[in-house]
Structures are given as C-alpha cells and as structure tokens.
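Residue strings, one per chain:
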Amino acid sequence: MNRSILERELKKVGVSLNGWLPVLQCDACKRRWEPFQATVGAAAPTARFDYWKCPNKCNAATQVGREIQTVIPKFVVINDIPGMIFSNEDLPEFERYVRSMDATEIPTRSK
C-alpha cells in the first residue's frame, strides 16, 4: 500500500495522516491518535481494523476497504531517525525527508 494512496483513502473518511511515525488526525474535531506502534517482535501490539476511526466517533459511520483496514506499516530507522513506511515505494520519500534534516555547515564570515 503506497502512502499517497493510503492518505487519499483516509481523507475520504475524514482523517489526515501526519508525519513519518504516523499520527492520525480527525478532520472534524482535530483529535490526534497514534494507531501504529513502533514496537517490534512477537509482543508488539497490532493495529485494530478500525484504527482509522476517530476516538471521538466523528467518523464512526464511515467504512474503508479491506486493503485500508489491514495496512501494516514497516518500521525503519535511517541515520537514527525513525519512521514507518507502508510500502517499499515510500522508502525514497522517507530518505529524502531524512536527508533534509542533515545539518548544513555555514562558514563564519570574517569582517
């Protein structure tokens, strides 16, 4: 599942996907929640099939397709910066994001 497709489908049910450690935000009440855990291994919790529903029930009557319900992000770390991608197609975009955070050295000007 490509991230841009997921963003578009979530937007249809009134939810925005924010950041690389995904935080969902209800477009109606602006409530934020983190349905995906960064924990890995057998003890890691899994997202519920209704992860996209606002905790305040703003979009409780809406439905998404099975592919959206069962999306599972992959936890990645590049240069000590964590993120979650939804497909290998998302990796180059996350890498660009990480590179954009590199410190830029600015030489000191002499007067």
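Up top is the structure these notes are about.
In this text the structure is predicted, and so the values were computed from the model without any measurement. (Residues numbered from 1 in each chain as written. Predicted model: local features only at pLDDT ≥ 70, side-chain atom pairs only at ≥ 80, totals over all residues. Heavy atoms only, no water.)

Visitor: Got a sec to walk through the packing of aromatic side chains? Specific residues and values, please.
Guide: All chains considered together, the criterion is met by three aromatic pairs. Centroid distance Trp20 to Tyr97: 6.2 Å. Interplanar angle 35 degrees. Geometry classified as tilted. Residue Trp20 is found in the loop between strand E1 (15–18) and strand E2 (23–26), and its partner Tyr97 is found in helix H3 (residues 91–100); the two are separated by 77 residues along the sequence. On the basis of relative accessible area, Trp20 is assigned to the buried category, the value being 11%. A relative accessible area of 34% places Tyr97 in the partly exposed class. Aromatic ring contacts, followed pair by pair, group Trp20, Phe94 and Tyr97 into a single cluster. Positioned over the ring face of Phe49 is Arg66, at 4.9 Å from the centre of the ring. (Phe/Tyr/Trp six-rings, centres within 6.5 Å; stacked < 30°, edge-to-face > 60°. Helix = DSSP H or I, 4+ residues; strand = E, 2+ residues; numbered from the N terminus. Buried < 20%, exposed > 50% of the residue type's maximum accessible area, 1.4 Å probe, protein only. Lys NZ or Arg CZ within 6 Å of the ring centre and 35° of its normal.)

Visitor: With reference to specific residues and values, describe the pairing of E2.
Guide: The alternating pattern of E2 places Val23 and Gln25 on one face and Leu24 and Cys26 on the opposite face, and all of these are buried. Note: E1 against E2, four bridges, orientation antiparallel. Bridging across to E2, Asn18 finds its partner in Val23. The pairing of E2 with strand E3 (residues 32–33) spans two bridges and is antiparallel. Bridged to Gln25 within E3 is Arg32. (Pairing = 2+ DSSP bridges.)

Visitor: Got a sec to walk through the environment of Thr70? Specific residues and values, please.
Guide: Tracing the chain through its elements places Thr70 in the loop between helix H2 (66–69) and strand E4 (74–78). Note: C-alpha distance between Thr70 and Arg48 (22 residues apart in sequence) is 8.3 Å. In this structure the side chain of Thr70 is engaged in a polar contact, spanning 2.8 Å, whose partner is the backbone oxygen of Arg66. (Polar contact = N/O pair within 3.5 Å; in protein donor to acceptor, adjacent residues only side chain to side chain.)

Visitor: An account of a nonpolar patch on the surface is needed here, citing residue identities and associated values.
Guide: There is a patch of nonpolar side chains on the surface, built from Leu21, Phe75 and Val77 and spanning about 240 Å² of accessible area. Position of Phe75 relative to the elements: it lies in strand E4. (Patch = residues over 30% accessible without salt bridge, like charges linked within 9 Å, V, L, I, M, F, W, Y side chains within 5 Å. Areas by Shrake-Rupley, 256 points an atom, 1.4 Å probe, with all protein chains shown as cover. Salt bridge = Lys/Arg side-chain N within 4 Å of Asp/Glu carboxyl O.)

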